[in-house]
Amino acid sequence: ETGVTQTPRHLVMGMTNKKSLKCEQHLGHNAMYWYKQSAKKPLELMFVYNFKEQTENNSVPSRFSPECPNSSHLFLHLHTLQPEDSALYLCASSAIGSDEQFFGPGTRLTVL
Amino acid sequence: AQSVTQLGSHVSVSEGALVLLRCNYSSSVPPYLFWYVQYPNQGLQLLLKYTSAATLVKGINGFEAEFKKSETSFHLTKPSAHMSDAAEYFCAVSSGSARQLTFGSGTQLTVLP
């Protein structure tokens, strides 16, 4: 595997379910990001991790819970989501201090 | 604070015609500017970036963009559109010590045969 991978690629869940999104980067980067991409809206930065430490939480509801066990892996734990949380969730990584981010293919989430 | 405005959420061009996608930015400090492309069911891929070197930046797939400070613009161009250029294009700005990216709302490019 190369670059940034995300699993699953598609996820359908009910509002009472608990699920997790996984992101893995094989680029040796130390910064990782979660973005939300909704139709007709700009990408929204959700969380930033630098060297496994969360450095940005962009006022994200607590039903989204990130986890970064090491510099190569990033998770987004989901529970009691709302239909308006349906979106494409993108993971990205970068070298510390670099503006260039490398994106994964995203997880298409549908909340019923 | 920083922001990006992309004029035109949808742009259609004929194959072989000039592609022009507009981006204007706002930044309180000298910015770094980026264009990303997103093909269907894929993540974002970097096309090109401006980081205060040459104002005319060349990227992949024949695209280029020119940084114009006086106009606070960073428009993306390609002389001759190809069917494979059909995708969504995002302009982004990074500035300040945090150097986080702020994205525009995207422009969907359609290439007509």
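Shown above is the structure to which this text applies.
The shown structure was predicted, so the numbers you read here are calculated from the model rather than taken from an experiment.

Engineer: Explain the interface of chain A and chain B to me, using residue names and the numbers behind them.
Structural biologist: At the interface, 18 residues of chain A touch 18 residues of chain B. Both faces considered, chain A and chain B share a buried interface measuring about 1,400 Å² in area, 52% of it formed by carbon and sulfur atoms. For the chain A face of the interface with chain B, the top three residues by lost area are Asp99, Glu100 and Phe103 of chain A, together amounting to 37%. Notably, a salt bridge pairs Glu100 of chain A with Lys49 of chain B, separated by 2.8 Å at the nearest N-O pair. For the pair chain A and chain B, the number of links is 5 residue pairs in polar contact (both at pLDDT 80 or more). Residue assignment for the side of chain A that touches chain B shows that the elements contributing at least two residues are strand E4 (31–37), strand E5 (44–50) and strand E9 (87–94) of chain A. Along the lines of polarity and charge, the residues of the side of chain A that touches chain B split into 10 nonpolar, 3 polar and 5 charged.

Engineer: Give a detailed account of unusual backbone geometry, specifying residues and quantitative values.
Structural biologist: Residue and element names in this part refer to chain A. A cis amide bond links Thr7 with the next residue in sequence, Pro8, at an omega value of -10 degrees. You can see Pro8 is positioned in the loop between strand E1 (4–7) and strand E2 (10–13). If you check the backbone angles, Lys52 has positive phi at about 70 degrees while not being a glycine. Its location among the elements puts Lys52 in the loop between E5 and strand E6 (53–57).

Engineer: Summarise the packing of aromatic side chains; cite the residues concerned and give the values.
Structural biologist: Residue and element names in this part refer to chain B. With the rule as written, the count across this model stands at 12 aromatic pairs over all chains. Both rings, one in Tyr25 and one in Phe67, keep their centres 5.9 Å apart while their planes meet at 25 degrees; by these two values the pair is stacked. Of this pair, Tyr25 sits in strand E3 (residues 19–27) while Phe67 sits in strand E7 (residues 64–68), placing them 42 residues apart in sequence. Measuring from ring centre to ring centre gives 6.3 Å for Tyr50 and Phe74, while their planes differ by 50 degrees; the resulting arrangement is tilted. Of this pair, Tyr50 sits in strand E5 (residues 44–50) while Phe74 sits in strand E8 (residues 73–78), and the two are 24 residues apart along the sequence. The exposure classification of Tyr50 matches that of Phe74, with both residues buried.

Engineer: I'd like a description of the nonpolar core, backed by residues and values.
Structural biologist: In this structure, Trp35, Leu48, Phe74, Leu76 and Tyr89 of chain B are the most contacted members of the largest nonpolar core, which totals 27 residues. At the level of secondary structure, the elements contributing two or more residues to this core comprise strand E2 (10–14), E3, strand E4 (32–38), E5, E7, E8, strand E9 (87–94) and strand E11 (107–112) of chain B. Of all hydrophobic cores here, the second largest spans 22 residues; its members include Val4, Met13, Met32 and Tyr89 of chain A.

Criteria and thresholds
Residues numbered from 1 in each chain as written. Chains lettered and ligands numbered in written order. Predicted model: local features only at pLDDT ≥ 70, side-chain atom pairs only at ≥ 80, totals over all residues. Heavy atoms only, no water. Contact = heavy atoms within 4.5 Å. Buried area = accessible area lost by both parts, 1.4 Å probe. Salt bridge = Lys/Arg side-chain N within 4 Å of Asp/Glu carboxyl O. Polar contact = N/O pair within 3.5 Å; in protein donor to acceptor, adjacent residues only side chain to side chain. Helix = DSSP H or I, 4+ residues; strand = E, 2+ residues; numbered from the N terminus. Nonpolar A, V, L, I, M, F, W, Y, C, P; charged D, E, K, R; others polar. Phe/Tyr/Trp six-rings, centres within 6.5 Å; stacked < 30°, edge-to-face > 60°. Buried < 20%, exposed > 50% of the residue type's maximum accessible area, 1.4 Å probe, protein only. Core = buried A, V, L, I, M, F, W, Y, C linked by side-chain atoms within 4.5 Å.

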